Amino acid sequence: MEPWEFEEIARCCPETVGLEFLGGRLGPGKARDGDHSEIVARLQQQSAALGRGLWLYGERGLVVEQYRKGRARADGVLAPRKHFAGQGEWADPEGVLMTVEVTSYDDDTDMRDRVEKPLAYAAAGIPVHLLIDREHGTVTVYSGPDGERYRDTHTVRFGEDVVLPEPVGFALPTEEFTKHVR
């Protein structure tokens, strides 16, 4: 399937159906629940409080993977305010500072959130990727993309603060995430 064919299929789906195109495969987006949304909302609040003109955009579609062959819908994308103005549903990742994925409780989360998406975001050159893993009660920060994968990873348990490296550059408290696990 070509990316344009995927985009046409995705455009025809109702808003309640989220599709992604990773590794040359069409797949469903993740099942999101209220706790998932609360984590993303908390991150939006924290990014706005920095006062640096950044915003964490929720549910943002990005063109990812080498040669523009993939489409991923990130739970959160940190970028300067108005960065996506005038762009379509699937935006170029250039200028994005960080992507965020919050795991869901579905069968695909292991492969999609823990393997495919970090590789896709690294290949796209996104400087920082944040994985909030509700199943394991951890936050993993990926940084230093080399065109294939992230060279550096750092994992903390929920409740510990984690430093997000530049160009994000702030400490993220994770205590509140403990309220949003099963």
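A brief report on the enclosed structure follows.

About the criteria used
- Throughout, a residue's number is its position along its own chain's written sequence, starting from 1.
- Totals for whole chains, interfaces and linings use all residues, but because this is a predicted model, local features are given only for residues with pLDDT of at least 70 and pairs of side-chain atoms are given and counted only at 80 or more.
- Derived side-chain values reflect all non-hydrogen atoms in the structure, with water molecules and hydrogen atoms excluded from consideration.
- What counts as a helix is a DSSP run of H or I of at least four residues, what counts as a strand is a run of E of at least two, and both are numbered from the N terminus.
- For every residue, the accessible area obtained with a 1.4 Å probe (protein chains only) is divided by the maximum for its type, and the residue is called buried under 20%, exposed over 50%, and partly exposed between those limits.
- In this description, contact between two residues means that some pair of their heavy atoms is separated by no more than 4.5 Å.
- Values of accessible area rely on a 1.4 Å probe in the Shrake-Rupley scheme; residue burial ignores everything except the protein chains shown.
- The rule for pairing is simple: two strands pair if DSSP sees at least two bridges between them.
- Whenever a carboxyl oxygen of Asp or Glu lies within 4 Å of a side-chain nitrogen of Lys or Arg, that contact is scored as a salt bridge.
- Here, nonpolar core means buried Ala, Val, Leu, Ile, Met, Phe, Trp, Tyr and Cys residues that are tied together by side-chain atoms lying within 4.5 Å of each other.
- What makes a patch is a set of residues exposed beyond 30% relative accessible area and free of salt bridges, joined within 9 Å when like-charged and within 5 Å when nonpolar (Val, Leu, Ile, Met, Phe, Trp, Tyr).
- Here the expected length of a helix is defined as 1.5 Å per residue gap, with one fewer gap than residues.
- Here a polar contact means two N or O atoms within 3.5 Å. Within protein one must be a hydrogen donor candidate and the other an acceptor candidate, and residues neighboring in sequence count only if both atoms are side-chain atoms.

### Thoughts on the overall build of the protein chain
Reasoning step 1: Looking only at helices and strands, one finds 3 helices and 11 strands in the protein chain.
Reasoning step 2: Reading the secondary structure of the protein chain in the N-to-C direction produces α-β-β-α-β-β-β-β-α-β-β-β-β-β.
Reasoning step 3: Out of the 182 residues in the protein chain, the part that is buried amounts to 48%.
Reasoning step 4: A fraction of 52% describes how many contacts in the protein chain between residues 6 or more apart in sequence connect residues 24 or more apart.
Reasoning step 5: For the protein chain, the exposed area adds up to about 8,900 Å²; of that, 50% sits on carbon and sulfur atoms.

### Section: the pairing of strand β8 (residues 138–145)
Reasoning step 1: In terms of burial, β8 is largely enclosed, as 7 of its 8 residues are buried.
Reasoning step 2: Alignment of strand β7 (residues 128–133) against β8, held across 6 bridges, turns out to be antiparallel. Each bridged residue has a counterpart across the sheet, and for Leu130 the counterpart in β8 is Val141.
Reasoning step 3: In textbook terms, the turn of a hairpin is the stretch between consecutive antiparallel strands, and for β7 and β8 this stretch comprises 4 residues, one of which, Gly137, has a positive phi near 65 degrees.
Reasoning step 4: The turn joining β8 and strand β9 (residues 150–157), which pair antiparallel and follow one another in sequence, is formed by 4 residues; a positive phi near 95 degrees is taken by Gly147.

### Some thoughts on the pattern of salt bridges
Reasoning step 1: If you walk through the whole model with that rule in mind, you get 6 salt bridges.
Reasoning step 2: Where Arg73 meets Glu89, a salt bridge forms, and the shortest distance between an N and an O atom there is 2.7 Å. With Arg73 in strand β4 (residues 70–80) and Glu89 in the loop between β4 and β5 (90–91), this residue pair connects regions lying 16 residues apart in the sequence.
Reasoning step 3: Of the residues examined, Arg73 reaches a relative accessible area of 15% and is grouped as buried.
Reasoning step 4: Glu89 gets classed as partly exposed once you look at its relative accessible area, which sits at 35%.
Reasoning step 5: Where Glu101 meets Lys117, a salt bridge forms, and the shortest distance between an N and an O atom there is 3.1 Å. Taken as a pair, Glu101 in strand β6 (residues 98–102) and Lys117 in helix α3 (residues 109–123) lie far apart in primary sequence, 16 residues in all.
Reasoning step 6: Accessibility expressed as a relative area gives 0% for Glu101, which makes it buried.

### Observations concerning the nonpolar core
Reasoning step 1: Counting residues in each nonpolar core, the largest one holds 23 residues, and the members touching the most others are Leu43, Leu130 and Ile132.
Reasoning step 2: Put simply, the parts of the chain that give this core at least two residues each are α2 (34–49), β3 (54–64), β6, β7, β8, β10 (162–164) and β11 (170–172).
Reasoning step 3: Excluding residues that lie within four positions of it along the chain, Leu43 makes contacts with Leu56, Val100, Leu130, Ile132, Leu172 and Phe177.
Reasoning step 4: Tyr57, Leu62, Ala120 and Ala122 belong to the second-largest nonpolar core, a separate cluster that totals 17 residues.

### Overview of a nonpolar patch on the surface
Reasoning step 1: A grouping of Met111, Val115 and Leu119 is seen on the molecular surface, where their side chains present a nonpolar patch of about 230 Å² in accessible area.
Reasoning step 2: If you trace the backbone, Met111 turns up in helix α3.

### What about the environment of Leu164?
Reasoning step 1: Following the sequence through the fold, Leu164 ends up in strand β10.
Reasoning step 2: For the pair formed by Leu164 and Val141, sequence separation is 23 residues and the distance between their alpha carbons is 6.9 Å.
Reasoning step 3: Not counting residues up to four positions away in its chain, the partners in contact with Leu164 are Met98, Leu130, Val141, Gly169, Phe170 and Leu172.

### Brief notes about α2
Reasoning step 1: Helix length check: α2, at 16 residues, gives a terminal C-alpha distance of 22 Å against a target of 22 Å (1.5 Å per residue), a fit within 8%.
Reasoning step 2: If you follow the buried residues of α2, they end up packed against β3, β4, β6, β7 and β11.
Reasoning step 3: In the stretch just after α2, Gly51 is the one whose phi turns positive, near 70 degrees.

### A word on the side chain of Thr103
Reasoning step 1: Tracing the sequence through the fold places Thr103 in the loop between β6 and α3.
Reasoning step 2: Exposure remark for Thr103: the relative accessible area of 0% places this residue in the buried category.
Reasoning step 3: Separated by 2.8 Å, the side chain of Thr103 and the backbone nitrogen of Arg134 make a polar contact.
Reasoning step 4: The residues contacting Thr103, other than those within four sequence positions of it, are His36, Thr109, Asp113, Arg114, Leu131, Ile132, Asp133, Arg134 and Glu135.

That is the geometry; function is a separate question.
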